[in-house]
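# Close look at the chain arrangement
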Amino acid sequence: PATGTAMNGPADKDAPRMLLPSGDVFLPGVSASGMGLRLSQKFVFLLFLSGLVTLCFGALFFLPDSVRLKRIFLSKTESQPVTVGSENDVREHLKKGAKDPEHLRGITSAKGETSTKLKALSRKPSVTNEAKTDKKDAGGEALEDMMLSRSKTESASKDEKVTSSSNQGANTDTSFDYNKFKKCLLKPPLGIEHGKPSDPQTLQRREKVKEMMKFAWDNYKSFAWGKNELRPLTRNGHIGNMFGGLRGASIVDSLDTLYIMGLMDEYNDAKEWVETSLDLNSNGEASLFEVNIRYVGGLLSAYYLTGEEMFKRKVMVLGEKLLPAFNTPTGIPRGVINLGSGTSWSWGWASAGSSILAEFGTLHLEFVHLSELSNNGIYTEKVMNIRKLLNKIEKPHGLYPNFLSPVSGNWVQHHVSIGGLGDSFYEYLIKSYLMSDKTDEEAKKMYYSALEAIEANLVQKSPGGLTYMAEWRGGILDHKMGHLACFSGGMVVIGADDGAPEKRQHYLDLAAEITHTCHESYTTKLGPEAFRFDGGAEATATRLSDRYYILRPEVIESYMYMWRLTHDPKYREWGWEAVEALEKHCRVEAGFSGIRDVYAQTVSHDNMQQSFFLSETLKYLYLLFSDDDLLPLEDWVFNTEAHPLPVVRKSCLQGEGGTHDKTTSE
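Just so it is clear, the structure is predicted and the values come from calculations on it, not from any experiment.

Our next topic: the overall build of the protein chain. Counting its secondary structure elements, the protein chain contains 22 helices and 25 strands. Carbon together with sulfur atoms contributes 54% to the accessible area of the protein chain, which is approximately 26,900 Å² in total.

Printed below as a string of structure tokens:
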């Protein structure tokens, strides 16, 4: 063989090969020891490469659910696009009735960035950069308006689509009877005189709230009509990306508020927009939770209060579009759905591709009513399946963690909160029981068991004597309470009468203590997003990032319920304090805006009039200063967006008679 450099140089691929007596192949120019070394290196490299490939592909299928991987590998098989029909199909379906035999709070931060209004990092959270999308030049804004106008025109002339599965197994002899429904109510929805209080001061305060609603609405109509929310400082509209291309969130959210306040011209404008311009043929990525509580809840409420069939048709079309989100191995829906294709996935920020307790746990009220109106049990089946799974799996110390895998059906983290990410799940347990005319014993058992666990593990007393609900992280308490958790005073009080009789007074006291704590956090008559009880703090936001107020309703919500069930006059006084603070700090020339720091001497506004301000905050204030016969609690349960839904009295609806013969107060 050659020596020197030729010995160690590259072998000619065309050089002849020789078979040695040992059986080894001899390559001219390569020594036997060099050849063995190269073969050894190649073997190690191939072994490493095969291991790496195996590891990567194994990760694709064994790591927790991932949004990006799901889009790549599972979207075509897991969430199939739906087959669609026309709105005429829906009308026919609603006339006949159908039963499918098969299983068919956004928050804007101090920076002005919007996230999902969860009672889950919001009232309901996803941290997105919606607000940044609104920084467009005049040309971009004009183009958007032109496209929106064209979309509205097209939607008014073409049929809305709905999945054809709702027409399967039609039951031709049943349909929802609105007149019978009205007879099954114990009292007229709007009371004898629209809940007009006899006390002059209370009436004057109620009129002030009505004026605030008209002011907020008029400015929305002037500067943001058809958009989702108003930016009052810049006097333009905000669309965001929570609703999957749906528009008019403030309009749908305001329908029932305008109606119960007697603002009929404004209500009729809103109704006309829904009928002619609410385009449900969107093809964007929507929050299942937000679309459900705002759009489904708002349309359901508008129908039940007015009897307008158009609202029912619209909500049934929209309800159908939400069903593909449940197409998961467990039936636990994912948080995001494309309303056009039906493809769904989990929020990118959610731990290990999990679903959020406050999202999949805040569907029950609306979906039960979708089944009632359509005579299609699929909606109730979907939410009952969620409850079935939750009852089956183990709860740490009886608590429900905030993150659950829709693939495995197991908890992903042991983080428990009565505020963001968890809150409205508990709210919907007691409200499901009340809405069922107190026949849903399973919901009742789940609620009181959860409340017992909350009291044992989360309810704390501060050194200053304030009762609060801490957060729980794997057994370690975080002594923080969010504004979102302040709804719990109202939740506890509406369930006080239906627990163990000996605990009734205890629940009333607990509700009063929590509401008092939340009032104490309103040191400037408006409260921060979160407040703490450690390091010497007493219901105070110690972090700059927690000091903002975005027109949230939860504290006022508890004032309203506490007034209704105790008639302690302090709750009306506290509500009036909030009205004065809203007027002083949040009212601007063209609407109402959240503020960045509730403790700052100089107010800095966030330039956002949230739709829930119209739906919840002002509605709860109006009810606080009204008589109890306006939307009486015996007949109505409010969803987590404050849309009133009626108690379902099955025996009455299925029978011939009603509970009274009064008609709806007009």
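Now, onward.
Our next topic: the UniProt feature "binding site: Ca(2+)" (unreviewed entry) in the protein chain. Feature annotation in UniProt assigns "binding site: Ca(2+)" (unreviewed entry) to the following positions: T640. Among the secondary structure elements, T640 is positioned in the loop between strand 24 (636-638) and strand 25 (644-646). In this structure T640 comes out as buried when scored by relative accessible area, which is 0%.

It is worth spelling out the pattern of salt bridges at this point. In total, this model carries 34 salt bridges according to the counting rule given. Between K187 and E634 there is a salt bridge, and its shortest N-O distance comes to 3.1 Å. Placement of K187 in the loop between helix 6 (178-183) and helix 7 (200-224) and of E634 in the loop between helix 21 (611-624) and strand 24 is noted, with a sequence separation of 447 residues between them. Looking at E634, the relative accessible area reads 39%, which means it is partly exposed. The residue E290 makes a salt bridge to R294 at a minimum N-O spacing of 2.8 Å. Of this pair, E290 and R294 both sit in helix 10 (residues 288-306), separated by four residues, roughly a single helical turn. Classification of R294 as buried rests on a relative accessible area of 1%. A single network of salt bridges, built from pairs that share partners, joins E471, R473, D478, K480, R532 and D534.

Put simply, helix 9 (residues 264-277) and helix 11 (residues 309-322) touch, their axes get as near as 10 Å, and they point 45° apart. Relative to helix 11, helix 9 is oriented oblique. In this structure, the crossing between helix 9 and helix 11 has a hand that is left-handed. Residues Y267, K271, V274 and E275 of helix 9 form the contact with helix 11, whose own contacting residues are M310, F311 and K314. A class-by-class count of the residues in the contact of helix 9 with helix 11 yields four nonpolar, no polar and three charged.

This part takes up the sheet that holds strand 9 (residues 285-287). In sheet architecture, strand pairing relies on hydrogen bonds along the backbone and comes in two forms, parallel and antiparallel. A sheet is described by the order of its strands in space; here three strands give the open sequence 9-10-11, paired in antiparallel fashion. Across the chains shown, the open sheet's two edge strands, defined by having one partner strand only, are strand 9 and strand 11 (344-345).

What follows covers the sheet that holds strand 13 (residues 403-404). The antiparallel open sheet is built from three strands, whose spatial order is 12-13-14. Since the sheet does not close on itself, it has two edges, and those belong to strand 12 (355-356) and strand 14 (411-413), each with one partner. Strand direction decides the pairing type here: strand 13 and strand 14, joined by two bridges, are antiparallel. Residue pairing across strands places F403 opposite Q413, the latter belonging to strand 14.

What follows deals with the UniProt feature "active site" (unreviewed entry) in the protein chain. On the UniProt side, "active site" (unreviewed entry) is annotated at positions that read E290, D423, E529 and E554 here. By the element assignment, E554 lies in helix 19 (residues 554-566). Overall, E554 belongs to the buried group, its relative accessible area being 0%. Here H483 takes part through its side chain, which lies 3.0 Å from a polar atom of the side chain of E554.

Moving on to the nonpolar core. Core analysis: the biggest nonpolar cluster contains 159 residues, and V274, L390 and Y426 have the highest contact counts within it. Not counting chain neighbours up to four residues away, the residues in contact with V274 comprise I251, V252, L255, L299, M310, F311 and K314. V336, I356, F403 and L421 belong to the second largest nonpolar core, which has seven residues in total.

Turning next to helix 13 (residues 364-374). The buried fraction of helix 13 is high, at 11 of 11 residues. Those residues of helix 13 that fall on the buried side of the exposure criterion are H364, L365, E366, F367, V368, H369, L370, S371, E372, L373 and S374. Two residues or fewer past helix 13, N375 is found with a positive phi of approximately 55°.

Inspection of the secondary structure assignment puts K480 in strand 20 (residues 480-482). For K480, a relative accessible area of 18% gives the class buried. Contacts of K480, omitting those with residues within four sequence positions, involve M469, A470, E471, R473, A530, F531 and R532.

Simply put, disulfide is the name for a covalent bond between the sulfur atoms of two cysteines. Here the structure, examined in full by the defined rule, presents two disulfides. Disulfide partner of C184: C652, at an S-S distance of 1.9 Å. The sign of the S-S torsion, about -90°, decides the handedness of the disulfide formed by C184 and C652: left-handed. With C184 in the loop between helix 6 and helix 7 and C652 in helix 22 (residues 650-654), this pair connects stretches of sequence that are 468 residues apart.

With that settled, consider the packing of aromatic side chains. All chains considered together, the criterion is met by 32 aromatic pairs. The interplanar angle of 75° and the centroid separation of 6.0 Å between the aromatic rings of F176 and Y304 together place this pair among those described as edge-to-face. A residue pair is termed long-range when its members are at least 10 positions apart, and F176 in the loop between strand 6 (162-163) and helix 6 and Y304 in helix 10 qualify at 128 residues. Assessed through its relative accessible area of 2%, Y304 is described here as buried. Ring centres of F243 and Y295 lie 5.5 Å apart, and the angle between their planes is 65°; this geometry places the pair in the edge-to-face category. Placement of the pair is F243 in the loop between strand 8 (236-238) and helix 8 (249-260) and Y295 in helix 10, with a sequence separation of 52 residues. There is no split in this pair, since F243 and Y295 are both buried. Each member of the aromatic cluster is reached from another via a ring pair, and the members are F176, Y178, F181, Y303, Y304 and W636.

In this section: helix 19. Counted at 1.5 Å a residue, the expected span for helix 19 with its 13 residues is 18 Å, and the 18 Å between its end C-alpha atoms agrees. The buried fraction of helix 19 is high, at 11 of 13 residues. Buried residues of helix 19: E554, V555, I556, E557, S558, Y559, M560, Y561, M562, W563 and R564, and no others. Among the structural elements, helix 15 (423-435), helix 17 (488-494), helix 18 (504-521), helix 20 (570-586), helix 21 and strand 24 are those in contact with the buried residues of helix 19. Just past helix 19, the residue H567 takes up positive phi, approximately 55°.

About the criteria used
- Residues numbered from 1 in each chain as written.
- Predicted model: local features only at pLDDT ≥ 70, side-chain atom pairs only at ≥ 80, totals over all residues.
- Heavy atoms only, no water.
- Helix = DSSP H or I, 4+ residues; strand = E, 2+ residues; numbered from the N terminus.
- Areas by Shrake-Rupley, 256 points an atom, 1.4 Å probe, with all protein chains shown as cover.
- UniProt positions renumbered as here; feature names shortened; annotations may be inferred.
- Buried < 20%, exposed > 50% of the residue type's maximum accessible area, 1.4 Å probe, protein only.
- Salt bridge = Lys/Arg side-chain N within 4 Å of Asp/Glu carboxyl O.
- Axes fitted to C-alpha atoms, helices over the stretch in contact; angles between N-to-C directions.
- Parallel < 35°, antiparallel > 145°, perpendicular 65-115°, else oblique.
- Left-handed = near helix turned anticlockwise from the far one by under 90°.
- Contact = heavy atoms within 4.5 Å.
- Nonpolar A, V, L, I, M, F, W, Y, C, P; charged D, E, K, R; others polar.
- Pairing = 2+ DSSP bridges.
- Polar contact = N/O pair within 3.5 Å; in protein donor to acceptor, adjacent residues only side chain to side chain.
- Core = buried A, V, L, I, M, F, W, Y, C linked by side-chain atoms within 4.5 Å.
- Disulfide = S-S within 2.5 Å.
- Phe/Tyr/Trp six-rings, centres within 6.5 Å; stacked < 30°, edge-to-face > 60°.
- Expected span 1.5 Å × (residues − 1).

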